[in-house]
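# Coordinate analysis (summary)
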Amino acid sequence: MAKLTWAEARSAATAGRPLRLGALGGPALWVLFFLILLAPIAFFLLVAIMPAAADQGTAWFTLAPFIAALSGPTLQGLLDSLVLSVGTAILSLAVALVLAWLVQRTNLRGRGVWNLLVWVVLLTPSFLVALGWERLLQPEGVLADLGWPVSGLSHAFFSPLGVIFVDTTKGVPFAFLAISAALGALGREYEDAARIHGGGRAAALRMVLPILAPAMWSALAIVFAETISDFGVASTIASTSNFPVATMTLFNAVDNFPVNFPVAAAVGWLLVASIGLALFAQSRALRGRSYQVLSGRSRTSARIQLSRRGQSAGIGIMVLFFGLTLGVPAIAVASASLLKPAASAITLNTLTLSNYLALARHPSTLGPLGLSTALALIATTVAVVLGLVVARILTQRRSGTPARILDLLLLATVGLPGILLGAGYIFVYNLPALATVGLRLYGTLFLLDVAYLANSLPITARLLSGPMAQIQFGLHDAARVHGRNALGAWRTTVVPLLSRTLLWAWLFGFTGILFELPISQLLYPPGQEPLSVAITAAFANFSYAPGTTLMVTSVAYALTVVGLVLVGFRVLAPRGWQRVGVAR
Amino acid sequence: MLIRALSKRPLLASATAVAVAVATLTSVAFATSQPRAARAVQVGQVPLIVYSAQGYDMSEVAAFQKATGIKTELLCDSTGPLLARIAAERNNPQWGLIWVDGNQPFAELDDEGLLVRHYLPSVKFNALGKSLIPSDESYIPTGTTIAATLIYNSAKIKTPPKTFQQLLEPKYKGLLGMNNPSISGPTYPYVSGLMNYLGGVSKGKTFLTELKANGLHVYDVNGDTLNALQTGQIDMATIQSSAIIGALASNPDYRLAFLKGVTLLPSDIGIDRYASKTEIAEAERFTAYVLSKAGQHQMKIGDPTGDSNFWPVVKGGSPKTGVPALSSTHYQEINPYTWGPKESAINDWFTANIVN
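Quick caveat, the model's predicted, so the values are computed rather than measured.

### A few points about the packing of helix α4 (residues 57-68) of chain B against helix α12 (residues 277-291) of chain B
Residue and element names in this part refer to chain B.
- One way to put it is that α4 packs onto α12 with a least axis distance of 11 Å and a crossing angle of 110 degrees. With respect to α12, the axis of α4 lies roughly perpendicular. When you trace α4 past α12, the crossing you get is right-handed. Listed contacts from α12 to Glu 60, Phe 64, Ala 67 and Thr 68 of α4 are Arg 285, Phe 286, Tyr 289 and Val 290.
- Within the contact of α4 with α12, the residues separate by chemical class into five nonpolar, one polar and two charged.

See below:
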């Protein structure tokens, strides 16, 4: 029998596949992207130059919103945001590299705990971290009450430095997840090659770091986009630290009456342009190279054995990081939920469990938690499935212009504050023309969930695309050659290699949607409050302690879900899936 | 070309098909959640959609539904997001009525022709209430508070100021806090009222600049400013009267003082002119109910530490126990049609020059 070339074998393997799904699925995918992402975003951005299109003014063409956005406090906010986002991205990556190396490549004690704590940081709302530090460092805050001289520290915190610090604590988990999957999955053969050829540890590092480039650039892009679109820190420390940022100026345009959507849209354009620049930098850095190093032949790497001093130093770094990011806000928030109304100091006399008891007595207040759980479950599951597809499109070397358009579209969604995406959904799905043909989507839980999906998909795809870039699809092709159908080949090759990242991406999407606020505010149907709206309503009515109690309960609930899913993965997933990417 | 490229990748197609299928299932799962027009067809009645930022709105809506049998759906949020939602819905409004604090947004909505005009429920307004009704009757007052007056810690301040001008005195340097009008709903009426009282925008800007030089602290909303008072960052604050009255019970040293020239902040209802006739009629019934004895009772019990601390605008109404008499207060009302359109510009100026 004549020997088949690889190309012939591949061709033979794919020749007989059913065309049906391909014919239907491809267009359906792009129609879906158009409906959930492109149409609302494009319509919203259009308002900046054609306000009349959405009944937001009389002009059919104007540049006035851009002139307004590029002057005065709005311009200052944009410049501040750029500096803040670049600084935060670089700092977050540096910290994440250290943490990920310790957890993935050394025998540091308590690795499981550190990994879990990264998740806890990720799902802690950014304004809570800010609030915790504010409570600690304000003139008559906890430290001042204890007699510590905090004025210098307080001055430094309530400044751009404090803003960068809190944003970095939120950025590190993103960077950590992007890096650690790649770092953990990287076989030891590259380091070995360097060492065999006489290179020292530095040479091995010089070899490994470039291999991690896709994950590092992915981390930088994610942190940049997340920071530039963050509102939690912008609305807390940034607004009181003489450091106005773009999301705050944008919020001012939408929250002040008369509502100025055209100026908000112009700021949106500028945010998208900033993210376009970040994407351009990423693509320039990675152009023309392949980073497909993860294959079935990758050997799991041996962990570096830390000395006793190394262990102490490593654990010290971890305790310092998580103490700063979690310990402080946790103490502040827990104390707030345990305080009697209007108590200003924490003593035994001012502590009470009444807020938790009230929550237990009125389980109806937990209704929003149930609703948000259901919405998050559905939207996240769809986002992960679609995210897998998108990550594949983004990482194919010859995917060309459509992939780049898709990438920009996804990053634009990450960079656009949720309030703009929500408004775009109203503009499009509340069009009278749709109602006349019987399509009434605005004001339904369905549309709210689709918007959650649209908001969650880009970040999910970005989380997946780093590890996806490292998969050698020869494995998949081999499965096809040996008779697996398309789905079967993915299930037995790609999915196992990505299973841990998929799990993380799902958990992140789930917790993100559970606490999502701006989209919820604009799209939730009357009488069906999601969790974030209920918490905000409690705070707005001066119910500081009950609001905090509901929030603490919800965070504890989210942590429980995370724990259960992780345990479920341990118990149910095949052993091979769990071994991929785990250094021994 | 794109479609062809994708059609060559069955795995992509398969995953997409799964996602689309899940999305379809989602839509089936949410079949019960249809917008109001669709529901109206099914049950033969239009639900009344209430957009509200009032602390007592849940009590009021529940009582109204019980009393009239009219299905009412409440969309409860802060004033800002509610107005943003109304603005985004402009080419196809979905709201039935809006119930928030402050005349100015209503003046703006009226200027844009979005409100039903010349409707007043058949109740007897008191003199205060009559003074708050606009000439075209496009919105209806349901009660009033004061946009901002003084709360101070009497353990630290023995001689509180009696006028806004006295806040500039050196002995109060660094002691005063207020909210940011760009973020806090009731604060723009306060700032614009202050400017009106002092003789205009430029005099108001000068005053606020001097206040900043005297160590003014600016926080986001009432809760943050009160928190600053509780934690000793400041010793006095100018915030909404209802929030002050609610906070008085929390600390025996807290006192309320009415500064000369404070501005009224009425709560108003405006009805969507583009709602169906049925819904407009329901909204009118809701308004009449709110101003009835039963409705006023709900307003007084629905949010005891916040919005329930209001002064009634109907004859025979009395404020909740603990709310001081308004008669001794030197207050003013400002023209919302003059000051409403200036909101964005003044808030931008405040953000650039006072906050930062």
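And the narrative resumes.
### Re the sheet that holds strand β9 (residues 254-257) of chain B
All names here are of chain B.
- Across the sheet, which stays open at both edges, the five strands sit in the order β7-β6-β8-β5-β9 with mixed pairing between neighbours. Both edges of this open sheet fall to β7 (217-219) and β9, since each of them pairs with a single strand only. In this sheet, neighbouring strand axes are inclined to one another by 25 degrees on average, regardless of whether the strands run parallel or antiparallel.
- With four bridges connecting them, strand β5 (residues 149-153) and β9 associate as antiparallel partners. Bridging from a neighbouring strand, Leu 150 pairs with Ala 257 of β9.
- Contacting β5, β6 (176-179), β7 and β8 (236-239), helix α10 (residues 222-230) crosses the sheet at an angle of about 165 degrees to β6.

### Side note on the confidence of the model for chain A
Residues and elements named next belong to chain A.
- Per-chain confidence: chain A averages 78 in pLDDT, with 79% of residues scoring 70 or above.
- Confidence, read as mean pLDDT per element, is least for helix α1 (residues 6-15) in chain A (41) and greatest for helix α4 (residues 72-105) (91).
- Confidence over residues 1-24 falls short of pLDDT 50; this stretch has 21 contacts with residues more than four positions distant or in other chains.

### Considering the nonpolar core
- Among the nonpolar cores identified, the biggest contains 219 residues, and Ala175(A), Ile179(A), Ala219(A), Val267(A), Val390(A), Leu447(A) and Ala451(A) are the most heavily contacted of them.
- Residue contributions to this core peak at 16 residues, all from helix α22 (residues 445-469) of chain A.
- Listed in part, the 40 residues of the second largest apolar core include Leu167(B), Tyr172(B), Met178(B) and Val262(B).

Thresholds, definitions, all that
Residues numbered from 1 in each chain as written. Chains lettered and ligands numbered in written order. Predicted model: local features only at pLDDT ≥ 70, side-chain atom pairs only at ≥ 80, totals over all residues. Axes fitted to C-alpha atoms, helices over the stretch in contact; angles between N-to-C directions. Helix = DSSP H or I, 4+ residues; strand = E, 2+ residues; numbered from the N terminus. Parallel < 35°, antiparallel > 145°, perpendicular 65-115°, else oblique. Left-handed = near helix turned anticlockwise from the far one by under 90°. Contact = placed C-beta atoms within 7 Å. Nonpolar A, V, L, I, M, F, W, Y, C, P; charged D, E, K, R; others polar. Pairing = 2+ DSSP bridges. pLDDT = per-residue confidence, 0-100. Core = buried A, V, L, I, M, F, W, Y, C linked by C-beta atoms within 7 Å. Buried ≥ 20, exposed ≤ 12 C-beta atoms within 10 Å, placed from the backbone.

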